[in-house]
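# Structural overview
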2 protein chains.
Amino acid sequence: MSIQPPPARLGDTLDDVDTPALLIDLDAFERNLDRMQALADAAGVHLRPHAKTHKSVDVAQAQMIRGAIGQCCQKVSEAEVLVHGGIDNVLVSNQIVGHRKLSRLARLARLATVGVCVDDAGNIAELSQHATAHGVELQVHLEIDVGMGRCGVPADAAAVALCRQIIDAPGLAFAGIQAYHGRAQHIRGAGERAGAIRHAAGVVQTMLGLLRDADIIGPTVTGAGTGTAPFEAESGLWTELQAGSYAFMDADYARNLGPDGDPDSRFEHSLYLLATIMSTARAGTAICDVGLKSTSLESGLPLVAGLPGASYVGPSDEHGTLSLDAGHQVKLGQKLRLIPGHCDPTINLHDWYVGYRNGVVERIWPVSARGAFF
Amino acid sequence: MSIQPPPARLGDTLDDVDTPALLIDLDAFERNLDRMQALADAAGVHLRPHAKTHKSVDVAQAQMIRGAIGQCCQKVSEAEVLVHGGIDNVLVSNQIVGHRKLSRLARLARLATVGVCVDDAGNIAELSQHATAHGVELQVHLEIDVGMGRCGVPADAAAVALCRQIIDAPGLAFAGIQAYHGRAQHIRGAGERAGAIRHAAGVVQTMLGLLRDADIIGPTVTGAGTGTAPFEAESGLWTELQAGSYAFMDADYARNLGPDGDPDSRFEHSLYLLATIMSTARAGTAICDVGLKSTSLESGLPLVAGLPGASYVGPSDEHGTLSLDAGHQVKLGQKLRLIPGHCDPTINLHDWYVGYRNGVVERIWPVSARGAFF
């Protein structure tokens, strides 16, 4: 609720920035955006970056100006923020349930091209009711389960019947298939990740065959994340990539795709947490001001960047305990950069991005959809 | 950044509430507030509840009207929200480092009684400079390490010298000792928790003896949390209790203090997450809309309340996978309540509390210091 003032001013050096702060290394960030767009262009597929990661109109615009076809997001409230920020094509890559959310979704389709995913006949009927009540057309994607085991239906005759229901429903356009393998993104080995997407591709191929047999031609196939995008891009099946984390990377993805991970790593860390040392009362240890309320921990602890001999070992709600190797010391008030374990939920804890280049603050962007989980 | 409209209206039933929503069972909440105040009163100590948990002016006021002496919090920005919300006595139970934060802290002391903790001579000198520059007096507590191994100094002659430095510093009043054992709060066995506080009491006793020898008489001793408050209250050493979670409880504390934990359990669950079933495409499983961005997971998964046969087994960023025992089914759109694993960081993900009584929404409170981590 509390909107805190931004932790920096344009032109500040990083030492001037108040902490905890979410930093973007703009050079690395822009290289990441260019690389993913080039990857999509080279494969002849569209890029629809996932705004669930960045939750930012400014980041979305930086992706769109490079050639992205639109954005995806997980929540109606995120879609609202994007559309009101000038993004004219948004896919909610998720099931939307309940009158209040369906009504918001349909209203939004007056202002932009709005897509949504389904895996239930009753939900399709409700979407149709809300779309016709608001005089709009919604772009509806059937979600098939390609191995993730979360939402989505199997690729079978019942799935074709759901597509037919969408086609026949007033106010709905059948846009295609949502085929996202979230679990595959975080498989460590590149070979096993490729294998998971080969399996997913088999499911997609089955579904496309069934649709062809039913004279349902040319659907969009949308999916993929940062961990697997090259595989979906090269498959010849997917027409749209939904990756998000590539813009920033994090400690978890770095273990797969970073300099120490994949040999053909494409993406660099561009997202950091700036922290301040707030206690040095005990030898061999220092306490910084980044804890659970400014970094997400469910995918592992943050890494310390550029401070040899220091590691982040003990999180509490508002503190982080650093262990210092023998011979290493830090000073009270000293700033340090951390690489978050998992970018998406970490960003969602912050109200501001501080973008810097050559050590100087060049952009201050609101995390415009922070907390938009409705 | 995005301020979402509240998920409910006054008078709504729980079925009308949009999700994810942070619910307060007002009856249980008020009983918890009364019980902790009674515990403090019976022991003749002050209660200074911790606003790091609730981050809410409304909850703070409900505690103050019952007899709390003030609030504590961890951040200057939290203290600002509390003071601007009418709370006139706030202790920042934490080290405050850096010009920008020190300046905000000193300015705030023009409006209210403001305390802060220290464990460093240089930091004391800086506090003094900022207090005198703003013409205010800050209430300064020396933090001693009573077994937590985070911030704070040992109870020794050097600690007495720091107290003397505070006493002699312009703009600072020596208020007492911060003696908080955070780690002890989450020890499972009541006997071991009591043992940890006996150790802490020994350190406090040593420190009080050293201060007495130095003719420094009558300091406040402030500390304790929900897991150990009865022990500090009964010790005869602590003069102030800083518990916070007791107002709400969570799955982690319930394992210590809930109906299945301590036999003399005092506190009830009053905090729930309301979720909606958004996919039932796979048998034996259902997907709800509470994931990492609306519940904190680092202290364990949320528990399902009042829906026998269902357990929350798989979190993702925006989804939660429920496993359903044989013979149990849920419907698309069905609402369910979850008990968060850890209340503090979960609350910090939400913009609104929805308080209900007898199934009807009676209060809608902003999480007024959400995201206030500066």
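Parameters at a glance
Residues numbered from 1 in each chain as written. Chains lettered and ligands numbered in written order. Predicted model: local features only at pLDDT ≥ 70, side-chain atom pairs only at ≥ 80, totals over all residues. Heavy atoms only, no water. Contact = heavy atoms within 4.5 Å. Salt bridge = Lys/Arg side-chain N within 4 Å of Asp/Glu carboxyl O. Polar contact = N/O pair within 3.5 Å; in protein donor to acceptor, adjacent residues only side chain to side chain. Helix = DSSP H or I, 4+ residues; strand = E, 2+ residues; numbered from the N terminus. Nonpolar A, V, L, I, M, F, W, Y, C, P; charged D, E, K, R; others polar. Phe/Tyr/Trp six-rings, centres within 6.5 Å; stacked < 30°, edge-to-face > 60°. Buried < 20%, exposed > 50% of the residue type's maximum accessible area, 1.4 Å probe, protein only. Lys NZ or Arg CZ within 6 Å of the ring centre and 35° of its normal. pLDDT = per-residue confidence, 0-100. Pairing = 2+ DSSP bridges. Axes fitted to C-alpha atoms, helices over the stretch in contact; angles between N-to-C directions. Parallel < 35°, antiparallel > 145°, perpendicular 65-115°, else oblique. Left-handed = near helix turned anticlockwise from the far one by under 90°. Least-squares fit on C-alpha atoms with pLDDT ≥ 70 in both.

Opposite the 69 residues of chain A that make contact, chain B presents 69 residues. Remark: the boundary between chain A and chain B carries 10 salt bridges. Measuring nitrogen to oxygen at the nearest pair gives 2.8 Å for the salt bridge that ties Asp317 of chain A to Lys52 of chain B. On the surface where chain A and chain B come into contact, there are 30 residue pairs in polar contact (both at pLDDT 80 or more). Where the side of chain A that touches chain B is concerned, the elements lending two or more residues are α4 (76-84), β4 (89-95), α5 (99-108), β10 (271-279) and α11 (343-347) of chain A. Broken down by element, the residue count for the side of chain A that touches chain B peaks at 4 residues, all from β10 of chain A. The class makeup of the residues in the side of chain A that touches chain B is 26 nonpolar, 23 polar and 20 charged.

All right, on to the packing of aromatic side chains then. Residue and element names in this part refer to chain A. One pass over the full model with this rule turns up 10 aromatic pairs over all chains. Taking 5.0 Å as the distance between ring centres and 80° as the angle between the ring planes, the aromatic pair formed by Phe373 and Phe374 counts as edge-to-face. The same class applies to Phe373 as to Phe374, namely buried. Every member of this aromatic cluster is reached through a ring pair, and the members are Phe29, Phe248, Tyr353 and Trp365. In this arrangement the basic side chain of Arg337 is found over the ring face of Tyr272, its NZ or CZ atom lying 4.2 Å from the centre.

We now examine the confidence of the model for chain A. Confidence along chain A averages 95 in pLDDT terms, with 97% of residues attaining 70 or more. In the predicted assembly, ipTM is 0.94 and pTM is 0.95.

Attention now goes to the sheet that holds β4 of chain A. Strand-to-strand pairing in sheets goes through backbone hydrogen bonds, with the strands running parallel or antiparallel. All names here are of chain A. Pairing within the open sheet is parallel, and its 8 strands lie in the order β2-β9-β8-β7-β6-β5-β4-β3. Two strands in the sheet have a free side with no partner beyond their single neighbour: β2 (46-47) and β3 (71-73). Across 3 bridges, the pairing between β3 and β4 is parallel. Across the sheet, the residue bridging to Cys72 is Leu91, located in β4.

All names here are of chain B. With 4 bridges connecting them, strand β10 (residues 271-279) and strand β15 (residues 335-339) associate as antiparallel partners. Residue Leu273 lies in a different strand from β15, and its bridge partner there is Leu338. Two elements, strand β12 (residues 303-305) and β15, share 3 bridges in a ladder whose sense is antiparallel. Among the inter-strand pairings, Val304 is bridged to a residue of β15, identified as Leu338.

As a further point, take the packing of α5 of chain A against helix α6 (residues 121-133) of chain A. Residue and element names in this part refer to chain A. It is at 9 Å that the axes of α5 and α6 come closest, and there the two elements cross at 50°. Considering their axes alone, α5 and α6 lie oblique with respect to each other. In the packing of α5 onto α6, the handedness of the crossing is right-handed. Contact with α5, carried on its side by His99, Leu102, Ser103, Leu105 and Ala106, involves Glu126, Leu127, His130 and Ala131 of α6 and no other residues of that element. Considering only residue class, the contact of α5 with α6 consists of 5 nonpolar, 3 polar and 1 charged.

All names here are of chain B. For Gln63, the location among the structural elements is in helix α3 (residues 57-65). Engagement of the side chain of Gln63 in a polar contact is seen with the side chain of Gln71, the distance being 2.9 Å. Among all residues touching Gln63, those that are not within four sequence positions of it are Leu33, Gln37, Pro49, His54, Ala68, Gln71, Tyr246 and Ala247.

Laying chain A over chain B is done by rotating through 180° and shifting 0.0 Å along the axis; what remains is an RMSD of 0.0 Å. Read as a symmetry element, the transformation amounts to a two-fold axis. Considering only C-alpha atoms, the part of chain A nearest the rotation axis is Glu298 of chain A, at 3.0 Å. A shared interface surface links the copies, since 100% of the contact residues of chain A are contact residues in chain B too.

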